[in-house]
Amino acid sequence: PRLYRGGERPSSELGCRGRAVWALVRRGVAAGSEGYDVFRSLDGGRTWRAVLANLDPLRPRLPRIAAQAGPFAVLGEGGAVFLSWCPACGWGAILLVATGDGGRSWRRSTPLRGYAPVAAAFVDARHGWLLTTSRPGSAPSGLLWSTVDGGRRFRLVLRSPALGLSPP
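About the criteria used
- Each chain carries its own residue numbering, running from 1 in the written order of its sequence.
- Given that this is a predicted model, residues contribute local features only at a pLDDT of at least 70 and side-chain atom pairs are listed and counted only at 80 or more, while totals for whole chains, interfaces and linings are drawn from all residues.
- Excluding hydrogens and water, the side-chain figures rest on all heavy atoms present in the structure.
- A helix here means a DSSP run of H or I that spans at least four residues, while a strand means a run of E at least two residues long, and both kinds are numbered starting from the N terminus.
- Using a 1.4 Å probe on the protein chains alone, a residue whose accessible area is under 20% of its type maximum counts as buried, one over 50% counts as exposed, and one in between counts as partly exposed.
- Contacts between residues were defined by any pair of non-hydrogen atoms, one from each residue, lying within 4.5 Å.
- Each accessible area is a Shrake-Rupley result for a 1.4 Å probe, and residues are judged covered by the shown protein chains and nothing else.
- A score from 0 to 100, pLDDT tells how confident the predictor is in each residue.
- When a carboxyl oxygen of Asp or Glu is within 4 Å of a side-chain nitrogen of Lys or Arg, the pair counts as a salt bridge.
- Pairing of aromatic side chains here covers Phe, Tyr and the six-membered ring of Trp, requires ring centres within 6.5 Å, and sorts the geometry by plane angle: under 30 degrees stacked, over 60 edge-to-face, intermediate tilted.

Draft legend 1. Seen up close, the overall build of the protein. Along the protein, the regular secondary structure elements total 0 helices and 12 strands. Traced from its N-terminal end to its C-terminal end, the protein shows the element sequence β-β-β-β-β-β-β-β-β-β-β-β. Expressed as a percentage of its 168 residues, the buried residues of the protein come to 49%. The long-range fraction of contacts in the protein, counting pairs at least 24 apart against all pairs at least 6 apart in sequence, stands at 37%. Here the protein displays about 8600 Å² of accessible surface, and carbon together with sulfur accounts for 55% of that area.

Draft legend 2. Representation of the confidence of the model for the protein in the model. Residues at a pLDDT of 70 or more form 88% of the protein, whose mean pLDDT is 86. When the elements of the protein are averaged for pLDDT, strand S2 (residues 20-30) gives the smallest value, 88, and strand S4 (residues 49-54) the largest, 96. Every residue in residues 1-7 is under pLDDT 50, and counting partners more than four places away or in other chains gives 11 contacts.

Draft legend 3. Seen up close, the pattern of salt bridges. The full count for this structure, using the stated rule, is 8 salt bridges. Taking the shortest distance from any N to any O, the salt bridge between Arg27 and Asp37 comes out at 2.8 Å. In this pair, Arg27 sits in strand S2 while Asp37 sits in strand S3 (residues 33-41), placing the two residues 10 residues apart along the sequence. Across this residue pair, the class does not change: Arg27 and Asp37 are buried.

Draft legend 4. Region of interest: the packing of aromatic side chains. This structure, assessed with the given rule, holds 5 aromatic pairs. Aromatic rings pair up to connect Trp22, Phe72, Phe82 and Trp106 into one cluster.

What follows is the structure, given as structure tokens:
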């Protein structure tokens, strides 16, 4: 499928598990917002469907993650978790959006405030891991969090200055 338009060169990420493939295509940022589209295939790439978008005039009715897209994890069987963080928006919270039905419906939560998401991995719809930066103003450190409830709440399991992750 054609995943983007125009002369811009997008930044893309792919994730897959089993026959499920998800693609996040970023199209640039401006004034605290980022243009992006999320496509998914549940049949090994034979057919594709747009399921999330931000600042896309061709897909104005699709839901969005938030003003910016962050890391994501594919759960397989139609499940995926997307994260966002927007310090310029004034809320500074990590936003998590998850689906179990291929993007037909989405569950939203804001499990953490003051950290920026760097990477996410889930072993199933309930159990996952999140790597974040430290809070602004604190010593640079990476923080590893775990969840057992699908990302509604996270518990800090490791803080390591060796990761050297500082807030953007």
